[in-house]
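Structural characterization, general
Listed here are the chains, written in short residue letters.
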Amino acid sequence: MVIDGKKPFRIELEGKILEVTEHYIGEERIFRVLFEDKRKPLTLVVAMNSQHKKFWTSMPQGRQEEAENIGPLIAWYYKNNQK
Amino acid sequence: MCYYNGQKVTRAEFIRLKDLEKEIRRYDFLDKGVISGFSDIPVAVLVPNEDRSNFEIVQMEWGMLPPYLQNREAVQKFRTGYKDAQGKWHTGYTTQNAKAENLFISERGGASMFADAARQRRCLVLSTGFFEWRHVNRLNKKTGQPLKVADKFPYYINVKNQDYFYMAGIWQPWTDKETGEHVNTLAITTTSANSLMAQVHNSKLRMPTILNDELAWQWMMTDLADEKIQEIALSQFPANDMFACTITKEFQAMLDPTEPYEYADLPALDLTL
């Protein structure tokens, strides 16, 4: 079951506006990114590598570069908008 | 050791990510700006669980399909119409909406295709807002008479102070006999427009059946006689509790399709009604 209780927020990357929504599938937290241009929406999650270090990744695979560019912006947004 | 997107991950993490991928593929909704009844994007729907002690959110295809349609080719013909071998044109059916007045008796006076679903399979469609077009006939500058072709202005409408609201729906399972594909297909019930929607959707004077929490619960979770089903489907959500604004005509291509947009010379809605 997907529960989405929060409104979208916007972040900027290279002068372009991205709209981000947060979702939960069970206890898994995922982020959905919509683009101004005609790119397909991007789904991001935080995963753990074998060194026990967290990393942003696209889901499904194939858009890792975007995940690594956009994920930290999402993290920065949350860090700077915590109440 | 496994790799995910080029990163070395443990097997357990790899399995977790692959499972999550599967779930995301199934529940890819609630983030689409505009869901058109003519696109293939599934709709988020609340349905009761088996004993009606709770409900769950599922995806459904918008546009109710009768079970007798054998395959997707038949679905296409049903929806868009077709010319038969004799050259005769058969008009398609639009089943995204089910008129509350015709849930049990069709417009022609026979049994309605929606009757069984209205009695057995009622659901709630989750919405953040919807779009309708207002028709405005400009006046001919020479004659002063309204032009035959109206200008159309899109509006975004939602319920005040609510992130989500409920629309009454009914659903019908459908199976493609050739491929075995199984989907649940949905129609939203509609009723006469309230005073706000009569101005916005002034060509058809209709609106979706929007339900408050109490009626939503009754609709989805309780046994109802035909008369009560129709009464709820016919109910009009109060105009004062709804909000409408004009949006750009290119809203379907916008990142935020609901962003207000002003049109010079467009008469404002009369909110005193």
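Refer to the structure printed above.
This write-up is about the structure you can find in this document.

Turning next to the interface of chain B and chain A. Contact with chain B, which involves 29 residues of that partner, is made by 33 residues of chain A. Around 2700 Å² of area is buried between chain B and chain A when both sides are counted, 58% of it from carbon and sulfur atoms. Between chain B and chain A we count 1 salt bridge in total. Between Arg16 of chain B and Glu28 of chain A there is a salt bridge whose closest N-O contact spans 2.6 Å.

This part takes up the pattern of salt bridges. All names here are of chain B. This model, assessed by the stated rule, comprises 17 salt bridges over all chains. A salt bridge links Arg52 to Asp223; its shortest N-O distance comes to 3.1 Å. Of this pair, Arg52 sits in the loop between strand E3 (43–48) and strand E4 (55–62) while Asp223 is found in the loop between helix H5 (213–221) and helix H6 (226–234), placing the two residues 171 residues apart along the sequence.

The next thing to look at is the nonpolar core. A general trend in soluble globular proteins is that nonpolar side chains are found buried together. Residue and element names in this part refer to chain B. Judged by nonpolar contacts, the single largest core of 31 residues is most densely connected at Ile210 and Met242. Broken down by element, this core gets its largest block of residues, 4 residues, from strand E10 (residues 151–159). Non-local contacts of Met242, meaning those with residues more than four positions away in its chain, are made with Phe130, Ile157, Asn158, Val159, Lys160, Asn194, Leu196, Met197, Met207, Ile210 and Phe237. Residues Ala98, Trp219, Ile229 and Ile232 belong to the second largest nonpolar core, which totals 26 residues.

It is worth spelling out the environment of Phe14 of chain B at this point. Residues and elements named next belong to chain B. Turning to its location among the elements, Phe14 is positioned in helix H1 (residues 11–26). Residue class for Phe14 comes out partly exposed when judged on its relative accessible area of 23%. Between the C-alpha atoms of Phe14 and Cys2, which are 12 residues apart in sequence, the distance is 6.5 Å. Residues in contact with Phe14, not counting those within four places in the same chain, are Cys2, Tyr3, Tyr4 and Val9.

Conventions we followed
- Residues numbered from 1 in each chain as written.
- Chains lettered and ligands numbered in written order.
- Predicted model: local features only at pLDDT ≥ 70, side-chain atom pairs only at ≥ 80, totals over all residues.
- Heavy atoms only, no water.
- Contact = heavy atoms within 4.5 Å.
- Buried area = accessible area lost by both parts, 1.4 Å probe.
- Salt bridge = Lys/Arg side-chain N within 4 Å of Asp/Glu carboxyl O.
- Helix = DSSP H or I, 4+ residues; strand = E, 2+ residues; numbered from the N terminus.
- Core = buried A, V, L, I, M, F, W, Y, C linked by side-chain atoms within 4.5 Å.
- Buried < 20%, exposed > 50% of the residue type's maximum accessible area, 1.4 Å probe, protein only.

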